[in-house]
Every structure is written in structure tokens, then in C-alpha cells.
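Listed below are the residues making up each chain.
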Amino acid sequence: MNNQPPELTERKALELHRARAQHDALFLQLDTADEIQERLTEVNRRFTNPAIVTAFPEIWRECFPNAKIISDTDVLSLEQEAHDLVIHALCLHWANDPVGQLVQSRRALKPDGLFIGAMFGGQTLAELRSVLAEVESATTGGISPRVAPMAEIRDLGGLLQRAGFALPVADSAVKTVTYSDAVRLMHDLRHMGEGNALAQRHKKPLTRSQIEKIVETYATHFPSESGRIRATFEIVYLTGWAPDESQQKPLRPGSATTRLADALGTSELTIPNSSAKTQP
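Below: a short report on this structure. None of the values given here were measured: they were computed from a predicted structure.

## Observations regarding the pairing of strand S3 (residues 83–89)
The buried fraction of S3 is high, at seven of seven residues. Alignment of strand S1 (residues 50–53) against S3, held across four bridges, turns out to be parallel. From the neighbouring strand, Val 53 faces S3, where its bridge partner is His 88. Sheet topology places S3 next to strand S4 (residues 109–120); six bridges connect them, and they run parallel. Each bridged residue has a counterpart across the sheet, and for Val 86 the counterpart in S4 is Phe 115. Traced from S3 through helix H4 (residues 98–107) to S4, the parallel crossover comes out right-handed.

## As for unusual backbone geometry
One non-glycine residue with positive phi stands out, namely Leu 125, at about 55°. Counting through the fold element by element, Leu 125 comes out in the loop between S4 and helix H5 (126–140). The exposure class assigned to Leu 125 is buried, which follows from its relative accessible area of 6%. Of note in this structure, Leu 167 is not a glycine but carries a positive phi near 50°. Following the sequence through the fold, Leu 167 ends up in strand S5 (residues 166–179).

## Thoughts on the layout of surface pockets
By volume, the second largest pocket amounts to about 240 Å³. Lining the second largest pocket are 13 residues, with Phe 47, Thr 48, Pro 50, Phe 64 and Asn 66 sitting closest to its centre. Residue classes in the lining of the second largest pocket are distributed as eight nonpolar, three polar and two charged.

## Examining the side chain of Thr 32
Examined against the element boundaries, Thr 32 turns out to sit in helix H2 (residues 27–41). Given a relative accessible area of 1%, Thr 32 falls into the buried group. For Thr 32, the contacting residues outside a window of four places in its chain are Trp 60, Leu 90, Ala 118, Ile 235 and Tyr 237.

## Considering the environment of Phe 27
With respect to the helices, strands and loops of the structure, Phe 27 is situated in helix H2. By relative accessible area, which is 21% here, Phe 27 ends up partly exposed. Along the chain, Phe 27 and Ile 59 lie 32 residues apart, while their C-alpha atoms are 9.7 Å from each other. Setting aside residues up to four positions removed in sequence, Phe 27 forms contacts with Lys 175, Val 177, Tyr 179, Asp 188 and Met 192.

## With respect to the sheet that holds S4
Strand order in this open sheet of six strands is S2-S1-S3-S4-S6-S5, and the pairing throughout is mixed. Because the sheet does not close on itself, it has two edges, and the strands there are strand S2 (68–70) and S5. Geometrically, the sheet is characterised by an average inter-axis angle of 15° between neighbouring strands, direction not taken into account.

## Examining the packing of helix H7 (residues 182–191) against helix H8 (residues 208–221)
Direction vectors running N to C along H7 and H8 enclose 105°, while the axes themselves pass 8 Å from each other. Considering their axes alone, H7 and H8 lie roughly perpendicular with respect to each other. Residues Ala 182, Val 183, Leu 185 and Met 186 of H7 form the contact with H8, whose own contacting residues are Ile 211, Ile 214, Val 215 and Tyr 218. Residue classes in the contact of H7 with H8 are distributed as eight nonpolar, no polar and no charged.

## Looking at the nonpolar core
In this structure, Ile 36, Trp 60, Phe 64, Leu 128, Tyr 218 and Phe 233 are the most contacted members of the largest nonpolar core, which totals 51 residues. Counting 24 residues, the second-largest nonpolar core is a separate cluster that includes Val 53, Leu 76, Leu 78 and Cys 91.

## Here's the deal with the packing of aromatic side chains
Tallying each qualifying case throughout the model produces four aromatic pairs. Considering the side-chain rings of Trp 60 and Phe 64, the 6.2 Å spacing of their centres and the 15° angle between planes classify their relative orientation as stacked. For the pair shown, Trp 60 and Phe 64 are each scored as buried. Ring geometry for Phe 120 against Phe 233: centres 6.5 Å apart, planes inclined by 50°, an arrangement best described as tilted.

The rules behind the values
- Throughout this document, residue positions are counted from 1 along each chain, in the order its sequence is written.
- Residues qualify for local features only when their pLDDT is at least 70, as the model is predicted, and side-chain atom pairs are given and counted only at 80 or more; totals for whole chains, interfaces and linings, by contrast, use all residues.
- With hydrogens and water set aside, each side-chain value is computed from the structure's full complement of heavy atoms.
- Summary of the burial criterion: residues with accessible area below 20% of their type's maximum are buried, those above 50% are exposed, and those between are partly exposed, where the area comes from a 1.4 Å probe applied to protein chains only.
- Going along the chain from the N terminus, every DSSP run of H or I of four or more residues is numbered as a helix, and every run of E of two or more is numbered as a strand.
- Paired strands are those between which DSSP finds at least two bridges.
- The handedness rule is simple: strands pointing away from the viewer, and a clockwise path from the first strand over the helix to the second, make the crossover right-handed.
- Cavities and pockets were defined on a 1 Å grid built from protein atoms only: a cavity is a group of points that admits a 1.4 Å probe but offers it no way out, a pocket is an open group of points flanked by protein on both sides within 12 Å along at least five of seven lines, and a lining residue is one with an atom within 4 Å of any such point.
- Grid points are joined across faces, edges and corners, and a volume is the space filled by probe spheres set on the points.
- Asp, Glu, Lys and Arg are counted as charged, while Ala, Val, Leu, Ile, Met, Phe, Trp, Tyr, Cys and Pro are counted as nonpolar; the rest, among them Gly, fall into the polar class.
- Here a residue-residue contact requires only that any non-hydrogen atoms of the pair lie within 4.5 Å.
- Geometry is summarised by axes, namely lines fitted to C-alpha atoms with helices restricted to the contacting stretch, and by angles between N-to-C directions that run from 0 to 180 degrees.
- By the definition adopted for this analysis, an angle is roughly parallel if under 35 degrees, roughly antiparallel if over 145, roughly perpendicular if from 65 to 115, and oblique otherwise.
- Residues belong to a common nonpolar core when they are buried Ala, Val, Leu, Ile, Met, Phe, Trp, Tyr or Cys residues joined through side-chain atoms within 4.5 Å.
- Stacked, tilted and edge-to-face pairs are distinguished by plane angle, under 30 degrees for stacked and over 60 for edge-to-face with tilted covering the rest, among Phe, Tyr and Trp rings (Trp via its six-membered ring) whose centres lie within 6.5 Å.

Okay, here's the thing in C-alpha cells:
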């Protein structure tokens, strides 16, 4: 009996989409690489043996010429405790096992090594998801998966903890991009290598009438300036460290030697027992 969950992504389709990507459309990859470089300047450390998990090595090699480039296959080609920095670059949303990808990344880090992951968050393409669901429901009576699911930031910090990272942090940056119409947006997604590669996708293409309705509905619900439409991309940054004894640790409850009231220079008040009855 096979207890494995069904695969999220059809790898053959994903690789085909990525092979057709166009460099000019990879602006989100470039923006993310620049953002991670900026974040690394704020870390008081020199990284000498970085590794990058990416589907677009040419983009990331430009920014990190000395890094080992790794494909985002289910089993990452990473040696245990071989790197002081691992970057997982905008491909976790296609992973069949995101936690497994994080665990493999942590194991590849030397003690006190740094992990930075960048992935699309839950606000990404919220407008397109809404329009596709509305149009498909109205025209077919049902909804099929056409955009990869994206995790919410409130859940992603927990993934870092499950993967065994110390000092986990998740934060996000939201970027709004405008397009002439919904067709141009969908073309751009294909040029990014982000076409629909979901294993459970409906393989029948949209009809001409559906596309016309999508264009009309999108323009009505999500207009931008000068007759254009807007699309949201949320990039969530996950940061964690491989555990090491040198790292700061929280104090044990009750181990404080100074009262908070003394530190703040205030008076300490006793709060009455909430279960006590009040007098009329």
C-alpha cells in the first residue's frame, strides 16, 4: 500500500516551462537576488562556501559567482555540513515536500551556518486566482487548479522550526506590477517559467470566450492607472541558522534576577484574583 501523498508538481511539465523562460521576464529573480545580497551585508560575517538552490542558475551565478549551484530536485545534491550559507531561491512553491527541502538545506550547513529562503507567499497572484475562479465557475460550474498554491507567512516560520533551524524569522516584501491586460500577465508568467505545472491541473486549455471574460473581469475588479491592471507578487524571506552552542538562547522561566518593574522604574501592582466576587 502506497502511503505517499499525491505529488503537487509534474516535474516534466515544470522543466519544460522553465526551459522556455526568457531572461527579460525574470525580474523577480533579479530583484530577489539583489534583496538577499543586501540582507547579507547586514550580517557581520564573510561566507566562503555558499550553495544556491535555483531553477535559473544564470541569474544567481551573476550575483554569487563563487556559489555552488544546485537544482531544486526532490533530493538536493548537497553534502552534509559542507556550506556556511545556503540560499533556496524562489522555487519552494513547486516543491512536493517543502519541509524536506528545508531539512536538506539545514543538514548541508556547517554549525552556525545561515539559511535564507525566498519563496512566493500567499498574496501572490491573488487577483488572478480570484478572476480565474469566478470565470471558470460561471462557465463550467466548477474550479480547477491553475495557479500553484502559496503558503501564508504566518505558517512559514513554523516550517523553519519543524526543519530544525535555530533563530527562525519569516518576513515578506510585496511588489505590485502593472500589465496592459490579463493576457499579457499570463504570457509573462509563462516567460518567467511559472506556467501551470500542477499534477492535478486541467490540461484542456481555456477557450477564447473564457479568455475574453477573464480579460473583462480582471479589468473591472483590479484596475490600475492608465487603463492597466495590477498583479501582486509577495516574496517571503525565511531566515534560520544551523544550531550551534555559541548561539544565544532564551533564559529559563523564573531565572531572572531583576524585576521588570525595577528596570522600568515603575511601581508593581498586584492584580486581584479574577475568580473573586466583586461587591455591588
